[in-house]
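Residue-level structural notes
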Amino acid sequence: MSYQLLNGKEISAQIKNEIAEEVKQIIATGGKQPHLAAILVGTDGASETYVAGKVKSCKQVGFKSSLFRFNNSVSEDELISKIKEINADDNIDGLIVQLPIPEHISENKIIETIDPKKDVDGFHPVNIGKMTIGLPAYISATPKGISELLKRNNIETSGKHCVVIGRSNIVGKPVSILLSQKNETGNATVTLCHSRTKNLKEITLQADIIIAAIGKLEFVTADMIKEGAVVVDVGIHRVKSDKTKSGWKLKGDVKFDEVAPKCSYITPVPGGVGPMTIVSLLQNTLIASKKEIYK
Ligand code: NAD
């Protein structure tokens with residue numbers, strides 16, 4: 001079967017242009033420049049790369065961004081007081097805390113300290129709760145990006161069997177809710193699989209759409225895929241390579257070379273879900289600055 005790529009790089013560039021255009025209009029008519037704040041704790045390589053990508057993207061669309069860095073030894077109280085300070089700063093529209101954070105700090109406490117009005121990552125229980133019952137809310141970036149990627153490629157979700165592999169709070173769980181929502185980008189019949197799922201292959205073989213968010217390199221293989229399925233690969237893994245200048249390359253949770261020929265559509269890694277995640281964060285920040293959800 002000849003497959004088509006779900007090109008997140010191209011679509012995210014389109015969306016960035018749309019956002020940049022809107023920001024120009026807002027500023028030209030005397031409105032406020034959207035402003036995203038990011039907190040980064042420590043010097044983890046992957047986190048540094050993600051945050052740098054977010055800061056760069058803000059610049060590309062005309063947003064202001066502020067990066068607040070802390071050492072790994074920062075206390076929970078110090079971090080909480082910084083978040084409270086940002087919550088109270090009217091100039092800042094959105095706040096993200098790059099995860100993971102060191103183990104001596106409670107991730108839940110940190111997330112719950114962020115004002116839901118500024119929670120553009122959509123991790124706060126208030127936003128997750130509202131999203132779950134279909135009220136306007138910040139939808140977390142990766143699930144929102146996946147939904148947009150399917151929508152802009154005219155992939156029908158209504159009545160389709162969608163199998164999500166992975167139940168994390170930031171990807172698997174929220175994407176399963178979005179796809180089962182009673183609306184034009186939902187209406188799917190969703191099966192959520194995880195580490196305790198029995199007969200995973202039997203289930204994935206029934207899937208019209210597979211969302212792979214397992215965090216295991218090339219876990220999804222061709223024998224797990226129905227002919228003509230749509231496959232969305234969320235995984236990001238850095239693997240050594242002697243073919244690239246940097247000495248490594250990115251791969252996903254799906255064994256692309258053998259799975260792609262069975263698919264109707266598939267995301268590449270890199271250039272699939274990754275860029276859509278960043279652009280969704282920008283969309284949420286724009287929504288925050290326009291006070292579309294919370295006044
Ligand atoms: P996670 O790592 O927190 O959890 C993995 C999930 O996979 C768990 O829910 C677990 O139940 C499930 N799982 C593990 N082994 C399994 C098995 N044998 N069978 C079935 N299910 C199994 O998940 P996460 O944070 O959603 O991350 C998943 C991957 O996505 C990682 O590679 C991560 O780096 C990547 N990621 C990418 C983006 C992006 O923007 N592209 C964003 C977030 C995460």
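Residues numbered from 1 in each chain as written. Predicted model: local features only at pLDDT ≥ 70, side-chain atom pairs only at ≥ 80, totals over all residues. Heavy atoms only, no water.

Bringing the side chain of Thr 157 into the picture now. One can find Thr 157 in the loop between α6 (141-152) and β5 (161-165). In this structure the side chain of Thr 157 is engaged in a polar contact, spanning 3.4 Å, whose partner is the backbone oxygen of Thr 185. A polar atom in the side chain of Thr 157 sits 2.7 Å from the backbone oxygen of Gly 186. When neighbours within four sequence positions are excluded, Thr 157 is seen to be in contact with Leu 150, Leu 179, Glu 184, Thr 185, Gly 186, Asn 187, Ala 188 and Ile 209. (Helix = DSSP H or I, 4+ residues; strand = E, 2+ residues; numbered from the N terminus. Polar contact = N/O pair within 3.5 Å; in protein donor to acceptor, adjacent residues only side chain to side chain. Contact = heavy atoms within 4.5 Å.)

One can describe the packing of α6 onto helix α10 (residues 273-289) by two numbers: an axis separation of 7 Å at closest approach and a directional angle of 105°. Compared by their axis directions, α6 and α10 come out roughly perpendicular. On α10, the residues touching Ala 141, Thr 142, Lys 144, Gly 145, Ile 146, Glu 148 and Leu 149 of α6 are Val 273, Met 276, Thr 277, Ser 280, Leu 281, Gln 283, Asn 284 and Ile 287. Tallied by class, the residues present in the contact of α6 with α10 amount to 7 nonpolar, 6 polar and 2 charged. (Axes fitted to C-alpha atoms, helices over the stretch in contact; angles between N-to-C directions. Parallel < 35°, antiparallel > 145°, perpendicular 65-115°, else oblique. Nonpolar A, V, L, I, M, F, W, Y, C, P; charged D, E, K, R; others polar.)

Here the focus is the pattern of salt bridges. The final tally for this structure, using the stated rule, is 12 salt bridges. Lys 201 is the salt-bridge partner of Asp 223, the closest N and O atoms lying 3.5 Å from each other. Remark: Lys 201 occurs in helix α8 (residues 200-204) and Asp 223 occurs in the loop between β7 (209-212) and β8 (229-233); sequence separation between them is 22 residues. Judged by relative accessible area, which is 40%, Lys 201 ranks as partly exposed. Where salt bridges share partners, they join Glu 18, Glu 148 and Arg 152 into one cluster. (Salt bridge = Lys/Arg side-chain N within 4 Å of Asp/Glu carboxyl O. Buried < 20%, exposed > 50% of the residue type's maximum accessible area, 1.4 Å probe, protein only.)

Strand order in the open sheet formed by 6 strands is β1-β11-β8-β7-β5-β6, and the pairing between neighbours is parallel. The two strands at the open ends of the sheet, each matched to only one other strand, are β1 (4-5) and β6 (189-193). The pairing of β5 with β7 spans 4 bridges and is classified as parallel. By the bridge assignment, Val 163 is partnered in β7 with Ile 210. Running over the sheet, helix α7 (residues 172-180) touches β5, β6 and β7 and is turned about 170° from β6. (Pairing = 2+ DSSP bridges.)

Attention now moves to the pairing of β7. In β7, alternate side chains face the same way, and those of Ile 209 and Ile 211 on one face and Ile 210 and Ala 212 on the other are all buried. Where β7 lies against β8, 4 bridges are found, and the strand directions are parallel. In the strand pairing of β8, Ile 209 is matched with Val 230.

Here the focus is the packing of helix α1 (residues 8-28) against α10. Packing of α1 against α10 leaves a shortest axis separation of 9 Å and a crossing angle of 20°. As the angle between them shows, α1 and α10 are arranged roughly parallel. Here α1 and α10 pass one another in a crossing that is left-handed. Facing α1, whose interface residues are Gly 8, Lys 9, Ile 11, Ser 12, Ile 15, Lys 16, Ile 19, Glu 22, Val 23 and Ile 26, α10 presents Pro 275, Met 276, Val 279, Leu 282, Gln 283 and Leu 286. Residue classes in the contact of α1 with α10 are distributed as 10 nonpolar, 3 polar and 3 charged. (Left-handed = near helix turned anticlockwise from the far one by under 90°.)

Time to look at the site of the ligand. Near the ligand lie 21 residues; those nearest to it are Arg 167, Ser 168, Ser 195, Val 234 and Thr 277. Between Ser 168 and the ligand, the recorded distance is 2.7 Å, taken from a side-chain N or O atom to an oxygen atom. Within the backbone of His 194, one N or O atom sits 3.4 Å away from a nitrogen atom of the ligand. Residue contributions to the shell around the ligand peak at 3 residues, all from α10. Of the residues in the shell around the ligand, the class split is 9 nonpolar, 10 polar and 2 charged. (Near = heavy atom within 4 Å.)

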